[in-house]
Amino acid sequence: MPGPRVRFAPSPTGFFHVGSARTALFNWLLARQSDGGVFILRIEDTDADRNREEWVDGILSAMAWLGLDLDEGPFRQSDNAALHDVAAQQLADAGLLYYCDCTGDEVARRKGDDKTPGYDGFCRDRGLTRGPATGLRFRTPHEGVTVVHDVIRGDVEFANSTIDDFIVAKSSGVVLYALANVADDRHDRISHVIRGEEHLSNAPKQMMLWDALNQVTGDVVTMPVYAHLPLLVNEQRKKLSKRKDPVATESYRDQGYLPDAFVNYLALLGWSPRGDEEIVPRSTLIEQFRLEDVSHSPAFFDVKKMTHVNGEYIRGLSAQQFVEACAPWVRPWSTSWRPTDREVPWSEAQFDEGLFALVAPLIQERVTTLGEVAAMVEFFFLDAPRMDEAAFAKVVGNDPLGRSMLGGAVERFAETQWDAASLHEATTQLGEALGLTLRKAQAPIRCAVTGSLVGPPLFESLHLLGRERTLERLRGALARSST
RNA sequence: GGUCCCAUCGUCUAGUGGCCUAGGACAUCACCCUCUCAAGGUGGAGGCACGGGUUCGAAUCCCGUUGGGACUGCCA
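Residues numbered from 1 in each chain as written. Chains lettered and ligands numbered in written order. Predicted model: local features only at pLDDT ≥ 70, side-chain atom pairs only at ≥ 80, totals over all residues. Heavy atoms only, no water.

For the structure shown, the criterion picks out 23 salt bridges. Its salt-bridge partner being aspartate 219, residue arginine 189 comes within 3.2 Å of it at the nearest N-O pair. Here the residue arginine 189 occupies a position in the loop between helix H5 (177-187) and strand E9 (192-196), and aspartate 219 occupies one in the loop between helix H6 (203-217) and strand E10 (225-229), the gap between them amounting to 30 residues. Exposure remark for aspartate 219: the relative accessible area of 32% places this residue in the partly exposed category. Through salt bridges that share partners, Arg7, Arg42, Glu44, Asp184, Asp185 and Asp188 make up one connected network. (Salt bridge = Lys/Arg side-chain N within 4 Å of Asp/Glu carboxyl O. Helix = DSSP H or I, 4+ residues; strand = E, 2+ residues; numbered from the N terminus. Buried < 20%, exposed > 50% of the residue type's maximum accessible area, 1.4 Å probe, protein only.)

Following this line, the structure appears as structure tokens:
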């Protein structure tokens with residue numbers, strides 16, 4: 001048996017939505033789990049007015065970032081216009097379509113206090129022919145039911161009487177999504193249509209069209225299996241909105257989420273791996289994914305949880321992998337890709353790649369996104385640390401003991417052996433002499449040298465920073481506090 | 001309004017009639033570890049929307065109620 005042929009069919013009307021990313025992933029997963037599986041990308045760009053080339057690039061680059069590789073495509077629906085026209089013509093010739101010259105206003109006016117859905121079929125038997133203002137509608141059967149066999153939800157029945165004579169081609173002649181999508185799916189021999197739940201009510205219409213095309217063209221193509229994925233919602237339980245919610249996949253890439261982590265988290269929305277472990281490699285996702293196991297109810301896109309997953313992946317990187325992964329955020333001038341709208345706190349001249357490699361292990365388990373890295377290590381590269389004034393006042397400015405620690409450190413550090421253990425020991429002793437625990441004793445030093453009360457392990461940091469720079473900062477802090 | 005979908009801790013989920021005094025994960029709280037912050041460890045709190053059935057037995061099946069959502073475009 002040949003593997004499934006699935007397609008991801010986004011419309012390029014904005015940046016790449018995380019919901020689209022999940023839909024793409026689920027399609028890809030199904031294709032990848034069987035030998036002959038085929039994953040197709042079809043850009044549904046029939047609405048020329050609202051498509052932009054940059055959005056197409058966004059889809060392509062986001063999918064590449066996520067590692068969702070294609071077997072066929074990318075295709076553009078607009079390239080198939082001829083195919084769509086033929087389909088419409090054949091359907092029209094068979095009397096399954098009819099011309100309609102009603103404007104939207106007229107349709108709405110006639111509907112009045114609405115009862116029947118959508119269009120009322122006014123032009124159904126007017127025998128109109130093609131004209132400058134005539135769209136094409138499908139002559140929907142009034143009798144019977146259409147049942148959508150959905151792998152996720154089971155059979156969903158729609159009484160045909162509740163489906164209106166929907167429009168299939170604009171008066172401009174352009175064939176719309178309703179038909180174009182079906183014509184393309186037939187052409188591409190799509191076996192599984194996996195998409196968001198918002199398309200469930202389109203399914204019966206598309207099944208009718210599919211059947212009609214089977215009759216009219218003589219090309220009998222098996223209808224695809226449908227699978228409507230639960231929606232991704234925001235905290236208000238509304239469908240994720242491009243306008244109001246942070247749903248741009250690109251922005252997560254810019255923030256420093258790892259593609260594997262992002263994919264792993266996405267897979268957890270509406271599905272879950274067997275067993276208690278949810279951080280699982282892509283191979284496990286591919287192996288275990290089953291459409292019939294996808295949940296029915298909407299899922300909240302929880303950035304907090306995704307951040308945790310990302311932290312797990314970052315900690316799982318080898319030291320070298322971590323250093324490399326950080327490149328776009330710490331030395332963007334030398335990488336092929338860099339996050340947009342992000343400033344690196346240091347200049348190219350100030351940055352020291354070798355030093356960063358030594359520093360990186362200190363912070364690897366302290367960040368949850370790569371975007372946090374720079375701020376955490378900037379004191380190594382800046383000439384002087386960016387000072388947290390409130391912290392400085394607390395442990396140095398307003399604390400005589402803090403100044404004593406600094407003074408003592410300037411002297412001891414000038415001659416102590418320069419390694420973390422000796423620095424640790426020296427600080428402990430300095431503290432003891434002042435009756436301070438190490439916790440208290442290290443604070444002023446940390447603040448003076450790093451500019452903050454929180455950060456990577458202090459003594460390792462001092463070691464890497466070097467004696468000269470450390471002493472310089474210690475003296476600088478002392479000088480500041482006495483003015 | 002109409003059509004359709006959905007309903008297990010705050011969140012994501014496991015659970016497909018007895019293994020459930022409902023398991024895991026995130027978040028949260030406490031404690032431990034500890035040079036700060038993390039990470040890690042241990043423990044705690046927290047859920048089957050409601051009402052009827054069916055059944056010896058229901059989170060699991062059926063019906064209803066309530067609640068939420070999607071669609072209802074000459075967009076996709």
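What follows covers the packing of aromatic side chains. Think of a pair of aromatic rings as described by two things: how far the centres are apart, and how the planes are tilted against each other in angle. Tallied over the full model, the rule gives 18 aromatic pairs. Look at phenylalanine 380 and phenylalanine 381: their rings are 6.4 Å apart centre to centre, the planes differ by 55°, and that puts the pair in the tilted class. As far as burial versus exposure is concerned, phenylalanine 380 and phenylalanine 381 are alike and both buried. Through pairs of rings, three or more aromatic residues link up here, namely Trp333, Trp346, Phe351, Phe356, Phe379, Phe380 and Phe381. One Lys or Arg, arginine 137, reaches over the ring of tyrosine 119 and ends 3.5 Å from the middle of that ring. Sitting above the plane of the phenylalanine 392 ring, arginine 480 keeps its charged end 4.8 Å from the centroid. (Phe/Tyr/Trp six-rings, centres within 6.5 Å; stacked < 30°, edge-to-face > 60°. Lys NZ or Arg CZ within 6 Å of the ring centre and 35° of its normal.)

So, on to the pairing of strand E5 (residues 135-138). Each regular strand displays side chains that alternate between the two surfaces of the sheet. Every second residue of E5 is oriented toward a common face, with Gly135 and Arg137 on one face and Leu136 and Phe138 on the other, all of them buried. Of the strand pairs in this sheet, strand E4 (residues 97-100) and E5 are connected by 4 bridges, and their pairing is antiparallel. Considered in E5, the bridge of tyrosine 98 is made with arginine 137. Sheet topology note: the E5/strand E8 (residues 167-169) ladder contains 2 bridges and is antiparallel. Across the sheet, residue leucine 136 finds its bridge partner in E8, namely alanine 169. (Pairing = 2+ DSSP bridges.)

With that settled, the discussion passes to the environment of aspartate 45. Relative to the assigned elements, aspartate 45 resides in the loop between strand E2 (38-43) and helix H2 (53-66). Sequence-wise, aspartate 45 and asparagine 234 are 189 residues apart; in three dimensions their C-alpha atoms are separated by 27 Å.

Bringing helix H1 (residues 18-32) into the picture now. When the terminal C-alpha atoms of H1 are compared, their 20 Å separation across 15 residues agrees well with the 21 Å that a helix rising 1.5 Å per residue should span. Counting buried positions over the 15 residues of H1 gives 13, a clear majority of the element. (Expected span 1.5 Å × (residues − 1).)

Note: interface size is frequently given as the accessible area lost on complex formation between the parts. The domain architecture assigned to chain A consists of domain 1 (318-371) and domain 2 (389-481). Inter-centroid distance (C-alpha atoms) of domain 1 to domain 2 is 26 Å. Domain 1 puts 6 residues into the contact, and the matching count from domain 2 is 6 residues. Summing both sides of the interface, domain 1 and domain 2 together bury roughly 470 Å²; the carbon and sulfur share of this comes to 81%. Counting the surface domain 1 buries against domain 2, the share from its top three residues, Leu355, Leu362 and Arg366, is 76%. Counting the contacts that link domain 1 with domain 2 gives 0 salt bridges. Our enumeration of links across domain 1 and domain 2 arrives at 0 residue pairs in polar contact (both at pLDDT 80 or more). Counted by class, the side of domain 1 that touches domain 2 contains 5 nonpolar, no polar and 1 charged residues. (Domains from an automatic or database assignment. Contact = heavy atoms within 4.5 Å. Buried area = accessible area lost by both parts, 1.4 Å probe. Polar contact = N/O pair within 3.5 Å; in protein donor to acceptor, adjacent residues only side chain to side chain. Nonpolar A, V, L, I, M, F, W, Y, C, P; charged D, E, K, R; others polar.)

In this structure, Phe262, Phe301, Phe413, Ile445 and Leu474 are the most contacted members of the largest nonpolar core, which totals 102 residues. The dominant element in this core, judged by the number of residues it contributes, is H1, at 9 residues. The two domains that each donate at least three residues to this core are domain 1 (318-371) and domain 2 (389-481). Residue contacts for phenylalanine 262: discarding those within four places in its chain leaves Val18, Ala21, Trp65, Leu66, Thr249, Tyr252, Phe301 and Met306. Grouped together as the second largest cluster of nonpolar side chains are 34 residues, Ala180, Val182, Ile190 and Leu213 included. (Core = buried A, V, L, I, M, F, W, Y, C linked by side-chain atoms within 4.5 Å.)

What follows is about the environment of tyrosine 226. Note on placement: tyrosine 226 falls in strand E10. On the accessibility criterion, tyrosine 226 (3% relative accessible area) is buried. Along the sequence, tyrosine 226 and valine 151 sit 75 residues apart, while their C-alpha atoms lie 6.3 Å from each other. Apart from the residues lying within four places of it in its own chain, the contact partners of tyrosine 226 are Val148, His149, Asp150, Val151, Val193, Arg195, Ala203, Gln206 and Met207.

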